[in-house]
Amino acid sequence: MDPGAGARKERPKPREPAARLEKAKQRSAQQELKQRQRAEVGARGGEGHGPAPAEPPLPSALSPSQIYALNRVMTELEQQQFDSFCKQMQGSGE
């Protein structure tokens with residue numbers, strides 16, 4: 001027997017991972033398309049089938065200025081909540 005032949009059989013085919021990756025990309029794209037379609041149906045007043053989603057879908061893309069503004073607002077809110085928590089802890093510790 002040829003020892004080199006066995007080594008070739010153990011090595012995975014290069015096309016299999018690429019095919020799996022492509023299938024995964026296709027599945028992901030299909031799921032995203034379905035989610036967008038559901039969001040569009042929900043936005044039109046629930047013309048579709050099934051129950052309405054529990055919460056509205058997130059926007060697909062935000063501009064950098066929108067992201068920064070949201071981050072600033074959330075940081076301020078978090079700071080307010082932290083300050084309130086600290087005051088409560090000081091009051092209960094005394």
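Here the structure is a predicted model, which is why all the values come from computation and not from measurement. Every chain is numbered independently, its residues counted from 1 as its sequence is written. Only residues with pLDDT of at least 70 are given local features in this predicted model, and only at 80 or more are side-chain atom pairs given and counted; all residues enter the totals for whole chains, interfaces and linings. No hydrogens and no water enter the side-chain calculation; it runs on all heavy atoms of the structure.

> Explanation requested: the overall build of the protein chain in the structure shown.
For the protein chain, the helix and strand inventory stands at three helices and zero strands. Under the scheme used here, helices are H or I runs from DSSP no shorter than 4 residues and strands are E runs no shorter than 2 residues, and both carry numbers assigned from the N terminus. For the protein chain, the succession of helices and strands along the chain, N to C, is α-α-α. Under the scheme applied here, a residue whose accessible area is under 20% of the maximum for its type counts as buried, over 50% as exposed, and between as partly exposed, the area being computed with a 1.4 Å probe on protein chains only. The proportion of buried residues among the 94 residues of the protein chain is 0%. Only the protein chains shown count as covering a residue, and every accessible area follows the Shrake-Rupley method with a 1.4 Å probe. Approximately 9,300 Å² of the protein chain is accessible, and the part contributed by carbon and sulfur atoms is 55%.

> What is the right way to look at the pattern of salt bridges in this model?
Once the charged atoms of two side chains with opposite charge are near each other, the side chains can pair. Salt bridge, as used here, is a side-chain nitrogen of Lys or Arg placed within 4 Å of a carboxyl oxygen of Asp or Glu. A complete count under the given rule lists one salt bridge for this structure. When the shortest N-O distance is used, the salt bridge between Arg36 and Glu32 registers 2.7 Å. Here the residue Arg36 and the residue Glu32 both occupy positions in helix H2 (residues 15-43), the gap between them amounting to four residues, near one helical turn. Its relative accessible area of 46% is what places Arg36 among the partly exposed residues.

> Please clarify how a nonpolar patch on the surface should be interpreted in this entry.
Distance thresholds for patches are 9 Å for like charges and 5 Å for nonpolar side chains (Val, Leu, Ile, Met, Phe, Trp, Tyr), applied to residues having over 30% relative accessible area and no salt bridge. A cluster of nonpolar side chains, Leu62, Ile67, Tyr68, Leu70, Met74 and Leu77, forms an exposed patch at the surface whose accessible area comes to about 590 Å². Locating Leu70 in the fold gives a position in helix H3 (residues 64-93). For Leu70, a relative accessible area of 47% puts it in the partly exposed group.

> Quick question: what am I supposed to make of the confidence of the model for the protein chain here?
Any residue range with low pLDDT should be treated as having predicted coordinates unsuitable for detailed reading. Looking at the protein chain, pLDDT values average 76 and 64% of them are 70 or higher. Per residue, pLDDT captures the predictor's confidence, and it can take any value from 0 to 100. Across the protein chain, H3 holds the top mean pLDDT of 92, while helix H1 (residues 3-10) sits lowest at 56.

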